[in-house]
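Listed here are the chains, written in short residue letters.
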Amino acid sequence: MARWCYRHRLVVLLLWLGALFGLGAASSAAGTNYANVFSLPDTDSATAYDLMEKAFPERAGDTDTVVWKVDDGSVRDDSVRSRIEPALEEIGRMKGVGEVTDPYAAQGGAQISRDGRIAYAQITFTEQANAVPIDLVEDVVDTAQAAERDGLQVELGGQAIARTQEPPQGIAEAVGILAAAVVLFLAFGSLFAMLLPIVVAIAGVGTGMIATMLMSHVTDVPEVAPLLGSLIGLGVGIDYALFIVTRHRRGILRGMKPEEAAVTALNTSGRAVLFAGGTVCIALAGMLVMNMRFLDGVVVATSLTVVLSVLAAITLLPALLGLLGMRVLSRRQRRKLAAAGPEPEETSGLAARWSSYVQRRPRPVAALAVVVMAVLAIPVLSLRLGATDQGNHQESTTTRQAYDLLAEGFGPGFNGPLQVVVEGDAPAGLVEGIRSTEGVAQVAGLPPANGVTVIQVVPDTSPQSEQTDRLIDRLRDDVIPQSGAEAHVGGVTAVFKDFASVTGDRLPYFVATIIALGFLLLLVAFRSLVVPLTAALMNLIAAAASFGVLVAIFQWGWGTELIGVGKEGPITSFLPVIMLSLLFGLSMDYQVFLVSRMHEEWVHTRDNARAVRVGLAETSRVINSAALIMICVFSAFVLSGDMEGAMAGIGLAAAVALDAFILRTALVPAAMHMLGKANWWLPDWLEKRLPHLAVEPKEEAAPVAGAGPVPAGSASVVHGFVRTADGEPVDGAAVTLLTKGGRRLDRVTSLADGSYIVSVPAPGTYLLATSAESYGSRAGQVVVADGPLVYDVELAEGGVDAVN
């Protein structure tokens, strides 16, 4: 496929452009229909929500608030009313505004604070916040704030108002791409090579985002899904292209023609990209275990974007490589290649020196890495799930100012009232029981509507306070049962509390699922029990440390205002599920790229120390570059204007930094050096039963024994003696015949005279690995023709023979 795309590059480019513009035209005509469905089945708040819809079906539009405060006097003064009332009347006449509740009306006394300095009016739009035209919302804001004067402050809050404060769409993505372009230029030194991963990522993310817009018409897709999809899509899209372009450039520098270099790159790194993309999608699909409708749309958007990013990397990228040819190298590299010839195969430089250092001192390196990760993980012990609201916005925003004014004038619980909902009439003692409950500031029973009674409860504490959570529990566990009523506690605060509770209960099953799936994938890919166990442990360490960073910043407030994300608060309840899915997927990417190179070297040499050293030396630079790009892309989402997006961006940036620079560069190779050959151990019975999954390219090897009929006379043997350097026979040496890809064909033990004989299914090139206790190991290629091959093996006592 890579060769076809390379040779038919114009066709591939036209197909991608057609898909991008065709989907774009369709989405422009259809628009979007995002839906935040937070309700959970079989929860108390969900039942309350259903009853509220039955009671007040007409209140379908978004309700926002205008709040004003006077420095001196009262909001009832004529000088204040003369400015506020005309503004509210003008807002009420605007097309798209359904109702404005005026505190100066006969029934509006409750909308003025006790000290008379703060009042509010509620504006009910005819549509939900996402459907309200942004021009209308801006007119409402301008009209209300035009009433301000010295000593009179006017602020606005609500979901529709918050949309006016969002930065222009694409700012976060543009900044992330720009930062990634700088890193790529420094890594490649070539403008054209720098542009390749950027173009591929934009193609994958662009088609993914447009497809997500269209899918919002057929399934529930939350507003945050496209943001998370673009976040993960840009990260993996640029990284996957980076891995392939790096391999392609290395092939050209080592003397290959551009077409062969591209085919080889796609047949090696491209396979790893396919496997890595699959692991990311599987990790994302693990969210379905949570059985939450809100997360289903996130799975659809992010998985679709990852799939299209992988597709762009394995089809669009080889076409672009065909267009560039030798220009994928910088001018300096092209001149050097023409003058001095191909580069040597050996890896040198800082990466090679670090890899050798880890091999010499694995224990201190591992100990230091564990200490750093453990310290960073400490804050996770105080993790508290909840919901962010406009009280977490930056202090300069009108929504935050309105939130604070309402809390000042009517109490902190006013911003998150609870609704106790009863089907039918409420018992006489229920309202009094709620009023006398600790933590309740105000209670108001509304007249029954459509057979449903709603009791409005304002807590003493803010919506994000732990005391508010405890109040909800007291109402459900004590007050309501004692009254004998069948009542349910609802409201946004109760919904998010239930959401956090369900998330916490189901999270262990979710983590177990994605760890088990990742373990099975790596087990099949690398034919080892220890490698996937190590990967699972590292993923848990990375998750704990990255959540520790997240808690310290967003929950403890270490630098929230400094980085412009507002006030500290609980971690959004759905974020751990989304972050863990993305984190496990990305961690698996790095594990696959690192260990696949180690496994390739292990197959060829059977020398664990060399395999780990060479694998780290050859992949650490590209993994670190890829991680730096992801950190730039993820961190840029602080500029998205969305608190959940900022949390996910900072959390994933921290996770990638810790995973790449500490775990994959230090702890994983150090642990593999200490474990030695145990890294590659797999019981024989399991080896026979596992399916084969080719992460490395297919071998040009003979047919595997037992895989099908072998032509008569084609089977043969390799035989000879295993001896020491002095010519002494080695008894009991293990002699193994393998394909070049590492699949075992035969295994025998040498006899007392050192002789051995292994069967060969057909002529071809194989690997013969020999090892014995107290002696070094040796591995080398053997080429078997039509007849038996005599091949003697010499082992050095106490040494290791590293064969390339």
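Cut-offs and rules
Residues numbered from 1 in each chain as written. Predicted model: local features only at pLDDT ≥ 70, side-chain atom pairs only at ≥ 80, totals over all residues. Heavy atoms only, no water. Patch = residues over 30% accessible without salt bridge, like charges linked within 9 Å, V, L, I, M, F, W, Y side chains within 5 Å. Areas by Shrake-Rupley, 256 points an atom, 1.4 Å probe, with all protein chains shown as cover. Salt bridge = Lys/Arg side-chain N within 4 Å of Asp/Glu carboxyl O. Lys, Arg positive; Asp, Glu negative; His and termini not counted. Charge placed at Lys NZ, Arg CZ, Asp CG, Glu CD. Helix = DSSP H or I, 4+ residues; strand = E, 2+ residues; numbered from the N terminus. Buried < 20%, exposed > 50% of the residue type's maximum accessible area, 1.4 Å probe, protein only. Core = buried A, V, L, I, M, F, W, Y, C linked by side-chain atoms within 4.5 Å. Contact = heavy atoms within 4.5 Å. Pairing = 2+ DSSP bridges. Axes fitted to C-alpha atoms, helices over the stretch in contact; angles between N-to-C directions. Parallel < 35°, antiparallel > 145°, perpendicular 65-115°, else oblique. Left-handed = near helix turned anticlockwise from the far one by under 90°. Nonpolar A, V, L, I, M, F, W, Y, C, P; charged D, E, K, R; others polar.

Draft legend 1. A negative patch on the surface, seen in detail. A surface patch of negative charge is lined by E90, D135, E138, D139 and D142. Among the elements that take part in the negative patch, helix α5 (residues 134-145) stands out by supplying 4 residues, more than any other. Take E138: it is sitting in helix α5. What makes E138 partly exposed here is its relative accessible area of 35%.

Draft legend 2. Structural context of the nonpolar core. Core analysis: the biggest nonpolar cluster contains 155 residues, and M287, L295, F510, F554, Y590 and F634 have the highest contact counts within it. Looking at this core element by element, the count peaks at 18 residues for helix α22 (residues 643-675). Once residues within four sequence positions are removed from consideration, M287 is found in contact with L295, V298, V299, F510, V577, I578 and S581. Of all hydrophobic cores here, the second largest spans 29 residues; its members include M94, L136, L152 and V154.

Draft legend 3. A look at the sheet that holds strand β13 (residues 744-749). With antiparallel pairing, 4 strands are arranged side by side in an open sheet as β13-β12-β15-β16. Each edge of the sheet is formed by a strand with only one pairing partner; in this case those strands are β13 and β16 (778-784). If you compare each strand with its neighbour and ignore which way they point, the axes differ by 20° on average. Taken together, the 7 bridges between strand β15 (residues 764-771) and β16 define a ladder with antiparallel strand orientation. Bridge pairing links T765 to V783 in β16.

Draft legend 4. How the structure looks around the packing of helix α20 (residues 575-605) against α22. Interaxial distance between α20 and α22 falls to 10 Å at its minimum, and their mutual angle equals 30°. Comparing the axis directions of α20 and α22 gives the class roughly parallel. When you trace α20 past α22, the crossing you get is right-handed. On α22, the residues that touch L575, M579, L582, L583, L586, S587, Y590, Q591, L594 and M598 of α20 are E644, M647, A648, G651, L652, A655, V656, D659, A660, R664, V668 and M672. For the contact of α20 with α22, a count of residues per class yields 16 nonpolar, 3 polar and 3 charged.

As far as function goes, none of this settles anything; it's purely spatial.
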